[in-house]
Amino acid sequence: MSSPELGEVILDLKDLRVWFPIRRGLIETITGRPRLYVRAVDGVSFEIRRRETFCLVGESGCGKTTTGKALLRLVPITGGSARFRPSKEVAEELERRGVEFDEDGMVDIFKLTDKQFHPLRRDIQMVYQDPYGSLNPRFRVRDILEEPLIVHKIGETRSERLEYIARALEMVKLTPVSEFVDRYPHQLSGGQRQRVAIARAIIMNPVLVVADEPVSMLDVSIRAEILELFNILKERIGLSFIYITHDLSTARYVCNRIAVMYLGRIVELGPADDVIQDPQHPYTEALVAAIPEPDPRNRARMRDIKIKGEVPSPVNIPPGCRFHPRCVLYEAALKRGEPWAKLCTQAEPPLVEVKKGHYAACYKHEAARPKGFTG
Amino acid sequence: MPLLEVRDLRTYYYTMRGVVRAVDGVSFTLEKGETLGIAGESGCGKSTLAWSLLKLVPPPGRIVGGSILVDGMDVTKMSEHEVRSKIRWRKISMIFQGAMNAFNPVIKVGDQVIEPLLLHTDMDREEAWARAEEMVKHVGLPPEILERYPHELSGGQKQRLVIAMALLLEPDIVIADEPTTALDVVIQAQILNLMKRLYREKGMSIILITHDLSVIAELAERVAIMYAGKIVELGPAEAVFENPLHPYTQALLKAVPRLRGPKERLYYIPGAPPDLRNPPRGCRFNPRCERRFEPCDREEPPLVEAEKGHYVACWLYARR
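Computed from a predicted structure; not experimentally measured. (Residues numbered from 1 in each chain as written. Chains lettered and ligands numbered in written order. Predicted model: local features only at pLDDT ≥ 70, side-chain atom pairs only at ≥ 80, totals over all residues. Heavy atoms only, no water.)

1. Some points on the packing of helix H6 (residues 155-167) of chain B against helix H7 (residues 185-202) of chain B
Residues and elements named next belong to chain B. Interaxial distance between H6 and H7 falls to 10 Å at its minimum, and their mutual angle equals 20°. In terms of orientation, H6 and H7 fall into the roughly parallel class. Crossing handedness for the pair H6 and H7: right-handed. Residues Gly156, Gln159, Arg160, Ile163 and Leu167 of H6 form the contact with H7, whose own contacting residues are Ile187, Gln190, Ile191, Leu194, Met195 and Leu198. (Axes fitted to C-alpha atoms, helices over the stretch in contact; angles between N-to-C directions. Helix = DSSP H or I, 4+ residues; strand = E, 2+ residues; numbered from the N terminus. Parallel < 35°, antiparallel > 145°, perpendicular 65-115°, else oblique. Left-handed = near helix turned anticlockwise from the far one by under 90°. Contact = heavy atoms within 4.5 Å.)

The following block contains the structure:
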């Protein structure tokens, strides 16, 4: 499904942190209770290439949506950098606004002022989960699609803009165009609405589209249609996607690479099929084992889910490896008296390459342990 | 005699813009100790069917035809008072979609869990609480949890409590409407394990309603596939999953993304389900069907037994 030739790196995210402060009451402020944070994203790094679909997978509360929003600067950024390669038109506009590029021709989108960032919104677009909530019910399809063109001053006249609109609708296969431009969202089915949302995202000819659970509200029978549309767009206009989902089985059909997130960090990252077939982190293993399949033979067996307890609060993140309190592997290693087990409670394991292009953050891999560690 | 027998059930919604035929001539039976899965996409009438079984259809909907026999009593003919005293919780209990979010945030969960016991039995609060503690242990939670408030519990814990509540009066039948839909996969797998265990231990009958064919496969012995208010295929799970007969079932199974095995191109069904105010003539699936032929858009196919115990409503299998 994936095209083999990916282009150059278009996004290089390093050590992204998004911490939300918890409000203190009056008494807590007076008594000097230290400020607490919800560490929604706590050190996430990855790269994306042109024509790549990169998948962020994880359970609710793992920080996958916040990571996506951070790339559009929709949440306050606590730390980290995001070097991005803008399209030619946007790069020219940025230069006019006095933005400096690094030697690779990329800009750090977290360092820009709001005013400088504005033209970049053309290049990074978002598709939301709920096609019922993300389209204005009082706008016709043409108004929904014209809005971004007006904001970014693309197309001089209305008829010129209508041409852009027609092209975008054709791209998402809402044809004949004349039948759809004057409809209101309530006159469309769920799948058609989501295609309008995608048309709105691609009408600006962006570089990167962040799709947050784009098919989870849709029926199974039409999900594939939307997923296939992503694949076609990727080939035809050289788009890159960040596909955010909780569902590993759909990820497999559209993604080149998968990153599994747990409690604000990437615990495993690798080629899509490899992550699913040969997971290298105990959390991924549990996640894969938990996914049901349409096979009636499963009725006879209980699912063996190798994970304990529930996700801790992102306010009190466990010390060391944040997964260790739920980790069956850690428990077993401790029982066997493995020397590396004590590392799990001491320091956060680094994300290291354990197979070609496949990274994991777990001390079960020797590469993750400190140099010269023998116990 | 089957535990539950539904015959030609029709539940319509009388809206300002016309009559919505949400359930339109559904028949099936449920034996003691059996799990029946009802699968279908949004708007196919599966939740309306569940509400009908407890006579809980919200207005402007009402049951307009057919019968629902429980122990020989017809639920459709009962008064509200009778359904309340004879059927709900005692004979049939229901795990509603999203019920875990319906707990009152300012009342301890324990007091909410024991409510059916106080209303439907002559137990006092102490006895009811003790009974609830027992049931809570059964679903894998510590009994102290009853003393907590809803916001102190996780989604998985609340869903376990809802299941415990449904089992309190030991009903013959439990209807579960999308019991795992809002939960994360790991919690979903734990809840499905719990339901498998309870089912084996208690020997009760379950009607499992969901859009997710993978969840159905985990639990159901027999499967019914609904489309546009009708059952289009009904049979043993093995037969429906491994040898689907109806073109809709075949297409639906091809559209399910799979985690393991070869990565074939995902299939989708062109078009959208029909407007139930004005369903297409003949077979309701015919405008989207690849194997449509001459009788399909004129006459409605009957549900016929194509193999032993495997029923299908399609002209490919019916004799005219």
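2. Considerations on the environment of A:Arg97
Residues and elements named next belong to chain A. Within the element layout of this structure, arginine 97 appears in the loop between helix H3 (88-96) and strand S5 (107-108). Sequence separation between arginine 97 and proline 339 is 242 residues, and the spatial gap between their C-alpha atoms is 56 Å. One polar contact links the side chain of arginine 97 to the main-chain carbonyl oxygen of lysine 115, over a distance of 2.8 Å. (Polar contact = N/O pair within 3.5 Å; in protein donor to acceptor, adjacent residues only side chain to side chain.)

3. Quick look at the sheet that holds strand S7 (residues 173-177) of chain B
Residue and element names in this part refer to chain B. Taken in spatial order, the eight strands make up an open sheet running S6-S7-S8-S3-S9-S10-S12-S11, and their pairing is mixed. Each of the sheet's edge strands pairs with one partner strand only, and the pair in question is strand S6 (92-95) and strand S11 (304-307). Put simply, the sheet's adjacent strands are angled 20° from each other on average, direction ignored. (Pairing = 2+ DSSP bridges.)

4. Focus: the interface of chain A and chain B
Counting residues at the interface gives 41 residues for chain A, matched by 46 residues for chain B. For the pairing of chain A and chain B, the buried interface totals around 4300 Å² over both sides, and the portion due to carbon and sulfur atoms is 55%. For the salt bridge of B:Glu238 with A:Arg299, the shortest nitrogen-to-oxygen distance reads 3.4 Å. Run the count over chain A and chain B and you get 17 residue pairs in polar contact (both at pLDDT 80 or more). Taken together, the elements giving at least two residues each to the side of chain A that touches chain B come down to helix H9 (220-237), helix H10 (248-254), helix H11 (272-277) and helix H12 (282-290) of chain A. (Buried area = accessible area lost by both parts, 1.4 Å probe. Salt bridge = Lys/Arg side-chain N within 4 Å of Asp/Glu carboxyl O.)

5. Quick notes on a nonpolar patch on the surface
A cluster of nonpolar residues, A:Leu26, A:Ile27 and A:Ile30, forms a patch on the protein surface that exposes about 390 Å² of accessible area. By the secondary structure assignment, A:Leu26 is in helix H1 (residues 26-30). (Patch = residues over 30% accessible without salt bridge, like charges linked within 9 Å, V, L, I, M, F, W, Y side chains within 5 Å. Areas by Shrake-Rupley, 256 points an atom, 1.4 Å probe, with all protein chains shown as cover.)

6. Looking at the packing of aromatic side chains
Under the definition given, this model contains nine aromatic pairs over all chains. Consider the rings of A:Tyr283 and A:Phe323, whose centres lie 5.4 Å apart with planes at 65°: the pair is edge-to-face. On the criterion of sequence distance, the pair formed by A:Tyr283 in helix H12 and A:Phe323 in the loop between H12 and helix H13 (328-336) is long-range, its members being 40 residues apart. For A:Tyr283, a relative accessible area of 1% corresponds to the buried category. Residue class for A:Phe323 comes out buried when judged on its relative accessible area of 2%. Aromatic pair B:Tyr227 and B:Phe285: ring centres 5.1 Å apart, planes at 85°, arrangement edge-to-face. Here B:Phe285 lies in the loop between helix H10 (247-255) and S11 and B:Tyr227 lies in strand S9 (residues 222-227), a separation of 58 residues in the sequence. Both residues of the pair, B:Tyr227 and B:Phe285, count as buried. For the cation-ring pair, A:Arg73 lies above A:Phe117, with the distance from its terminal atom to the ring centre recorded as 4.7 Å. (Phe/Tyr/Trp six-rings, centres within 6.5 Å; stacked < 30°, edge-to-face > 60°. Buried < 20%, exposed > 50% of the residue type's maximum accessible area, 1.4 Å probe, protein only. Lys NZ or Arg CZ within 6 Å of the ring centre and 35° of its normal.)

7. Some points on the domain arrangement of chain A
Residue and element names in this part refer to chain A. For chain A, the assigned domains are domain 1 (9-275) and domain 2 (293-368). One C-alpha centre belongs to domain 1, the other to domain 2, and the line joining them spans 30 Å. In total, about 1600 Å² of surface goes out of reach between domain 1 and domain 2, with carbon and sulfur atoms giving 58% of it. In this structure, arginine 265 engages glutamate 348 in a salt bridge whose closest nitrogen and oxygen atoms are separated by 3.7 Å. Counting across the interface, domain 1 meets domain 2 through nine residue pairs in polar contact (both at pLDDT 80 or more). (Domains from an automatic or database assignment.)

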